[in-house]
Amino acid sequence: MRLSLNTGPANATEIFSGPTVFQDLNDWLEKGCSRQDPAFILADSNTRAFCLPHLLSLIPSLQNAVVLEMPPGESVKSIDSTIQLWAELAGKGASRRSLLINLGGGVITDLGGFVASTFKRGIPFIHIPTTLLGMVDAAIGGKTGINLGNIKNQVGTFYLPEAIFIYPAFLGTLSEYELHSGFAEIIKIALVADSELWQKLLLLSWQDLLHRRTDQGLEDLIYNSVKIKCRIVEQDFKEMNLREILNFGHTIGHAFESLSFKKNSTPISHGHAIALGMICEGYLSGRKTGFEAGDRDVLTRMILSRFKYFPIQKKDADLMMDTMVHDKKRRESESRFTLLKEPGNAIPGIVCNPDEIVESLEYYKTLGKE
Ligand SMILES: NC(=O)c1ccc[n+]([C@@H]2O[C@H](COP(=O)([O-])OP(=O)(O)OC[C@H]3O[C@@H](n4cnc5c(N)ncnc54)[C@H](O)[C@@H]3O)[C@@H](O)[C@H]2O)c1
């Protein structure tokens, strides 16, 4: 399967997906074989162990690529890792024509995209996402970034990869928890932009998908989600209005994510945090944009049947409010949210006051007592 993401003249990404995607990658690399400069592969220790051997066995021309390895986890999305990677690229002879191949989940594609977009004012890069979240969301759309302390994605660029290669069989080694994390972003994409996909998700046997994770059902789901995201990004690459709808669940979700970094040695996943954020922002949607209580309850039940409830105390709610003040989607003194009118129909830029946000956290807290 093949898609193209066009955000303007001379600014496009080709997206290849499916079981034969390495043939496409081979062809794509051959087309650029005039590139004599060394190629680099950025992986984390898991994708190096689980995905890199497969990639190298199918694409012999990459045998000589220089492998850059990072530890797994969100904490590598930092300025320290960025400096380390800039230095490694420089030290190992990268030129402006070198290709960086980001092989990993959203952490590696966000970090690698940022490093590539800034090193020598920008070198070419491609993404090979290896998590479901990476395949349906993080690798698509040209947002790169790192965190500033606990504040998510504070520094970054809009910079498209030259191509994206989605090989669903990589999901075979992904943990069930991380697979669910990716489902959270599929739920979000359906809720903000495609009621038909939402209806499909309601009927889907998730258990079945988990057990047959590399079959056609999941591949179709990935393809549909990517197609919807491309449609949105093409209309608003720099997130001036429409693209903001993809932030549904993210303002409060990022606050859950930051809180879990502060509290736990093993923080919850990005998708888990966004799922919990969608519960709260679903509640706000009921208060502000007419999202029906019945739809809100279906959403809440769907999330709590797949994601563990993360308990919050009064002082945690205060910390979350502090985090949201730093959230980049807050303009001046107002907190703006993307909220739902109905499944498949989202409205960006809805102002919510602190009391309303606290109320949504109170609603969330009541769910822990059920
Ligand atoms: N740029 C964007 O538009 C965008 C959109 C959504 C999310 N994100 C970012 O994506 C990040 C989350 O991405 P993620 O959920 O993919 O997390 P991740 O990259 O941390 O991957 C999750 C875990 O799975 C492991 N892993 C990856 N592929 C594997 C495989 N095939 N087999 C076994 N293990 C594997 C990783 O090593 C890691 O431990 C967050 O930082 C988030 O901010 C970015």
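Residues numbered from 1 in each chain as written. Predicted model: local features only at pLDDT ≥ 70, side-chain atom pairs only at ≥ 80, totals over all residues. Heavy atoms only, no water.

K.L.:
Got a sec to walk through the nonpolar core? Specific residues and values, please.
P.N.:
Counting residues in each nonpolar core, the largest one holds 101 residues, and the members touching the most others are Leu-55, Phe-183, Ile-252 and Phe-256. Of all the elements, helix H7 (residues 176-193) adds the most residues to this core, at ten residues. If we skip the residues at most four places from it in the chain, Ile-252 touches Gly-277, Cys-280, Glu-281, Leu-284, Met-320, Met-324, Phe-337, Ile-357, Ser-360 and Leu-361. One finds Met-70, Val-76, Leu-111 and Ala-116 within the second-largest nonpolar core, a separate group that totals 19 residues. (Core = buried A, V, L, I, M, F, W, Y, C linked by side-chain atoms within 4.5 Å. Buried < 20%, exposed > 50% of the residue type's maximum accessible area, 1.4 Å probe, protein only. Helix = DSSP H or I, 4+ residues; strand = E, 2+ residues; numbered from the N terminus. Contact = heavy atoms within 4.5 Å.)

K.L.:
Talk me through the pattern of salt bridges; I want residue IDs and the actual numbers.
P.N.:
A side chain of one charge can pair with a side chain of the opposite charge when the charged atoms of the two come close. Scanning the model with the defined rule gives 17 salt bridges in all. Glu-239 is paired through a salt bridge with Lys-143; the nearest N and O atoms lie 2.5 Å apart. Placement of Glu-239 in the loop between helix H10 (216-235) and helix H11 (250-263) and of Lys-143 in strand S7 (residues 143-148) is noted, with a sequence separation of 96 residues between them. Given the relative accessible area of 28%, Lys-143 is considered partly exposed. Between Asp-297 and Arg-296 there is a salt bridge, and its shortest N-O distance comes to 3.1 Å. With relative accessibility at 19%, the residue Arg-296 sits in the buried group. Salt bridges sharing common partners tie together Glu-74, Lys-77, Asp-110, Lys-152 and Glu-257. (Salt bridge = Lys/Arg side-chain N within 4 Å of Asp/Glu carboxyl O.)

K.L.:
An account of the packing of aromatic side chains is requested, with residue identities and associated values reported.
P.N.:
Applying the stated criterion across every chain yields a total of eleven aromatic pairs. Summarising the aromatic geometry, the rings of Trp-28 and Phe-165 are spaced 6.1 Å apart at their centres and angled 70 degrees between planes, so their arrangement reads as edge-to-face. Pair noted here: Trp-28 is in helix H1 (residues 21-31) and Phe-165 is in strand S9 (residues 163-166), with a separation of 137 residues, a long-range link. Side by side, Trp-28 and Phe-165 carry an identical accessibility label, which is buried. Ring centres 5.9 Å apart and planes at 20 degrees place the aromatic pair Phe-125 and Tyr-159 in the stacked group. In this pair, Phe-125 is assigned in strand S6 (residues 125-129) and Tyr-159 in the loop between strand S8 (151-158) and S9, connecting sequence segments 34 residues apart. The rings of Phe-256, Tyr-309, Phe-310 and Tyr-364 are connected pair by pair, giving a single aromatic cluster. (Phe/Tyr/Trp six-rings, centres within 6.5 Å; stacked < 30°, edge-to-face > 60°.)

K.L.:
Run through the packing of H11 against helix H12 (residues 270-288), naming residues and quoting values.
P.N.:
Where H11 contacts H12, the axes come no closer than 7 Å and their chain directions differ by 135 degrees. Here H11 lies oblique to H12, going by the angle between them. Every pair of crossing elements has a handedness; the one defined by H11 and H12 is right-handed. Residues His-250, Thr-251, Ile-252, Gly-253, His-254, Phe-256 and Glu-257 of H11 pack against His-270, Ala-273, Ile-274, Leu-276, Gly-277, Cys-280, Glu-281 and Leu-284 of H12. Residue classes in the contact of H11 with H12 are distributed as seven nonpolar, six polar and two charged. (Axes fitted to C-alpha atoms, helices over the stretch in contact; angles between N-to-C directions. Parallel < 35°, antiparallel > 145°, perpendicular 65-115°, else oblique. Left-handed = near helix turned anticlockwise from the far one by under 90°. Nonpolar A, V, L, I, M, F, W, Y, C, P; charged D, E, K, R; others polar.)

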